Amino acid sequence: MAAIRIDNLRKGFGSLEVLKGINLDIADGEFVCFLGPSGCGKSTLLRSIAGLEDLDGGSIRLGERDITEVASAKRDIAMVFQNYALYPHMNVRKNLSFGLALNGMKRDEIDRRVDNAADILRIKELLARKPRQLSGGQRQRVAIGRAIVREPKLFLLDEPLSNLDAGLRVTMRVELAALHERLGVTMIYVTHDQVEAMTLSDRVVVLDKGKVSQFGTPLELFYQPANLFVAGFIGSPRMNFVTTEVTGQVDTSVTLNGGGLAHPLTLEMQSAAPVAKPKSVTLGIRPDKIELVSAEEGHLVGDVRLVERLGTESHVHISLENGGDMTAVVRGTHPVSARERVHLRLAAEHCHLFDGDGQAVARRLDVETQALINQEKAKRVA
Amino acid sequence: MDMTYATAAAPTVAKRKRSAFARHIVAYLFISPWILGFLFFTLGPLVFSLTMSFYDWPVVGERTFVGLDNYRSMLFEDQQFWESLWITVKFAAIYVPFNIVMSFLLALMLHHIRFASGFFRTAFYLPSVISGVALVTIWSWIYSREYGLLNFMLSFVGIDGPNWLGDPNLAIIAIIIASLWGLGGTMLILLTGLKAIPKELYEAATVSGVPGWAQMVFITLPMLGPMLLFTFITSIISAFQQLTIALLLTKGGPLGSTYFFAMYIYDNAFKYFDMGYAAAGSWVMFIIVLLLSLGVMRWSAAWVYYEGEVRQNDGDGHA
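Residues numbered from 1 in each chain as written. Chains lettered and ligands numbered in written order. Predicted model: local features only at pLDDT ≥ 70, side-chain atom pairs only at ≥ 80, totals over all residues. Heavy atoms only, no water.

Turning our attention to the overall build of chain A. Helix and strand content of chain A: 9 helices and 21 strands. C-alpha extents for chain A along the principal axes are approximately 80 × 45 × 45 Å. The buried share among the 382 residues of chain A stands at 51%. Excluding contacts between residues fewer than 6 apart, the proportion of contacts in chain A whose partners are at least 24 apart in sequence is 65%. Of the roughly 16,800 Å² of accessible surface on chain A, a fraction of 48% belongs to carbon and sulfur atoms. In chain A, 48 positive and 48 negative side-chain charges are present, and the distance between their average locations comes to 7 Å. (Helix = DSSP H or I, 4+ residues; strand = E, 2+ residues; numbered from the N terminus. Buried < 20%, exposed > 50% of the residue type's maximum accessible area, 1.4 Å probe, protein only. Contact = heavy atoms within 4.5 Å. Areas by Shrake-Rupley, 256 points an atom, 1.4 Å probe, with all protein chains shown as cover. Lys, Arg positive; Asp, Glu negative; His and termini not counted. Charge placed at Lys NZ, Arg CZ, Asp CG, Glu CD.)

Take unusual backbone geometry next. Residues and elements named next belong to chain A. Residue Ser236 is joined to Pro237 through a cis peptide bond whose omega torsion reads 0 degrees. With respect to the helices and strands, the residue Pro237 is situated in the loop between helix 8 (228–233) and strand 11 (240–250). The phi dihedral of Asn8 is positive, around 45 degrees, even though this residue is not glycine. Tracing the sequence through the fold places Asn8 in strand 1 (residues 4–13). Taking relative accessible area as the criterion, Asn8 reaches 38% and is therefore assigned partly exposed. Non-glycine residue Glu159 carries a positive phi angle of around 40 degrees. Examined against the element boundaries, Glu159 turns out to sit in the loop between strand 7 (154–158) and helix 5 (166–183). Given the relative accessible area of 10%, Glu159 is considered buried.

It is worth spelling out the domain arrangement of chain A at this point. Accessible area lost upon the coming together of the parts serves often as the stated size of an interface. Residues and elements named next belong to chain A. Segmentation of chain A into domains returns domain 1 (4–230) and domain 2 (232–364). Here the C-alpha centre of domain 2 lies 38 Å away from the C-alpha centre of domain 1. If you look at the interface, domain 1 gives 17 residues, while domain 2 gives 16 residues. Here domain 1 packs against domain 2, burying approximately 1,400 Å² in sum over the two surfaces, 60% of which is carbon and sulfur. Considering only the surface of domain 1 that becomes buried against domain 2, Gln194, Phe222 and Leu228 emerge as the three largest contributors, covering 42% of it. At the boundary of domain 1 with domain 2, the tally comes to 12 residue pairs in polar contact (both at pLDDT 80 or more). Listing elements by their share of the side of domain 1 that touches domain 2, those giving two or more residues are helix 6 (194–200), helix 7 (218–223) and helix 8. Grouping the constituent residues of the side of domain 1 that touches domain 2 by class yields 12 nonpolar, 5 polar and no charged. (Domains from an automatic or database assignment. Buried area = accessible area lost by both parts, 1.4 Å probe. Polar contact = N/O pair within 3.5 Å; in protein donor to acceptor, adjacent residues only side chain to side chain. Nonpolar A, V, L, I, M, F, W, Y, C, P; charged D, E, K, R; others polar.)

Further remarks concern the pairing of strand 7 of chain A. Residues and elements named next belong to chain A. In terms of residue burial, strand 7 counts as a mostly covered element, since 5 of its 5 residues are buried. By the alternation rule, side chains of strand 7 split into Leu154, Leu156 and Asp158 and Phe155 and Leu157, which are all buried. Direction of pairing for strand 6 (residues 77–80) relative to strand 7: parallel, over a ladder of 4 bridges. Residue pairing for strand 7: Ile77 is matched across the bridge by Leu154. Two elements, strand 7 and strand 8 (residues 186–191), share 5 bridges in a ladder whose sense is parallel. Its bridge partner lying in strand 8, Leu154 is registered against Thr186. Taken together, strand 7, helix 5 and strand 8 constitute a β-α-β crossover, and its handedness is right-handed. (Pairing = 2+ DSSP bridges. Right-handed = clockwise from strand over helix to strand, strands pointing away.)

Below, the discussion takes up helix 10 (residues 212–223) of chain B. Taking 1.5 Å of rise per residue, the 12 residues of helix 10 of chain B would be expected to cover 16 Å, and the 15 Å separating its terminal C-alpha atoms lies within 8% of that figure. When we look at burial in helix 10 of chain B, the residues that qualify are B:Ala214, B:Gln215, B:Ile219, B:Thr220 and B:Pro222. On its buried face, helix 10 of chain B sits against helix 2 (92–102) of chain A together with helix 3 (79–112), helix 8 (184–196), helix 9 (199–207) and helix 11 (225–240) of chain B. (Expected span 1.5 Å × (residues − 1).)

Further remarks concern the sheet that holds strand 14 (residues 280–285) of chain A. Adjacent strands of a sheet pair through backbone hydrogen bonds, lying either parallel or antiparallel. All names here are of chain A. Pairing in this open sheet of 6 strands is antiparallel, and the strands run 13-12-11-14-20-21 from one edge to the other. The strands lining the two open edges of the sheet, one partner per strand, are strand 13 (261–268) and strand 21 (360–361). In the sheet, strand 20 (residues 352–354) pairs with strand 21 via 2 bridges, with the strands oriented antiparallel. Residue Leu353 lies in a different strand from strand 21, and its bridge partner there is Val361.

Okay, structure coming up:
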């Protein structure tokens, strides 16, 4: 087990700069997800840690050791690939033991490690089979087993569940979490699926265009997104945004009005620092914090474009009167229908505020949420 | 009621059958050029040559049925048959491994170079599409004792070049080298195979600390198995069919040292006009190549793996 520290990591392909100075501190035994849209550099970052990419700059430390220039094989890591990368001509046992045997490990020790990995992953009865004879989930287990037998300090997993069907993905997700719990080793996991990232991780690195947009616990990302990108990326349906103006600020209370808001809205911030210059800001609110109300109570007005009924809840897609779109989540039996005019009330205590540069203004959270976030952080430190 | 129903249904079924038949006719018409070509230029000559092999069949004059006489005299009385076969086997024993190993090394090189790979790919492949006669013209100039490029280059390092095509020991080597000139086709097949191997297999091996030589032996070669088998068999076939280069470059000489089996068949047919005997020779060659190919196929079960293949489990999984 080991902590990992990345300093100012840079990597480009020709004129395209993919990683633009990444800085990360991952604690010993932590499960961290690299999350971001396609092309954000998450896989390149993982491959850089694995030693599969030549870096343009920066350094990587694993524990006390600088591994920036160390060959991949000597980094004491193991990697699980997106398409499993199992050797099709070897049976499962050979797939697991291949690297060990060629590194001069004794037969007894190889057998011990292979049998141990097979026990952990419940693949003992598959050891004689070729990858072709395995299901997707079984292949994934073998790929993970190949990483386990190395007994590495760091596990790197590159979208390991993306080739599985939805049901199997959930099962494997649970198994991965249990595996991390059991091995207690540092794991870095690349995914574009925010559900995977939120459910598996101790902390999540959200990457955007080769930069770290935010590095925090899942609840921090959800309740305290650092910027517009994270706010829009985390959560489904995504957060709604409305451009408005700061019309007043008294201590930590900020009053917003204009830009389509029918009534002023007052938000409570963490500090009394002036919010924005210029005064134009972006207000963010999650779809489930919007209420359909009468005309007198509504902050915004619009026409329903589409209602998606999902059973327990319905997603209402609305075109706002002053331009822009918004999605509200209402109870499944709500009678709202398409082409209907609706008035929306935004729950002030759940609104997020972003300044002119798209950076979040720290808002005051309710006691319960803050306690939950603190609990998550405390668990990570422990 | 039943009869009425049957009568009413009958025309519909017949109509359906007719329309299906019409659809098939159209399909057969579309593939008829190939079928006719196969019948007249492949299957026809094949059956015809088999028939000929049981006859004493001069080009001019009456043909006589001789049964297996042609085969018997070829196998038990004709010294030249065994000599030409031995020369062909010697040629194949050297040509086949060289052809595969050199094609593989060349493919490996082209797979890894980044600079002008397209140019080199074309440059190495181009000789394999040059016609045999043009190729022999080039090589006869290269091998020329007085004016040849090869001896000219050897003179720079102080070597008095030998008579490549006039020395019985060197002539077959000269033909092997000239034959390898066309290895571009084999190289291209192996290059395609190399490009089809997922790079993650190598990355997984690299991360696991598998050294480069072991990646070559335990990943590249097994993954190329079907391609290697294919090139192995086609190389054997082309070795046994060796005719053009030897015929034009050495005419079987000097002292019969390059008198290949195919040339033996050719001479029987077009020099001695003994078509039945030549046809029997062709069938003997076919059987030899068939047996060799079957042997290789059988042997390949031990080292060729097909992705789609599902074999029996091998016990407890221990290698």
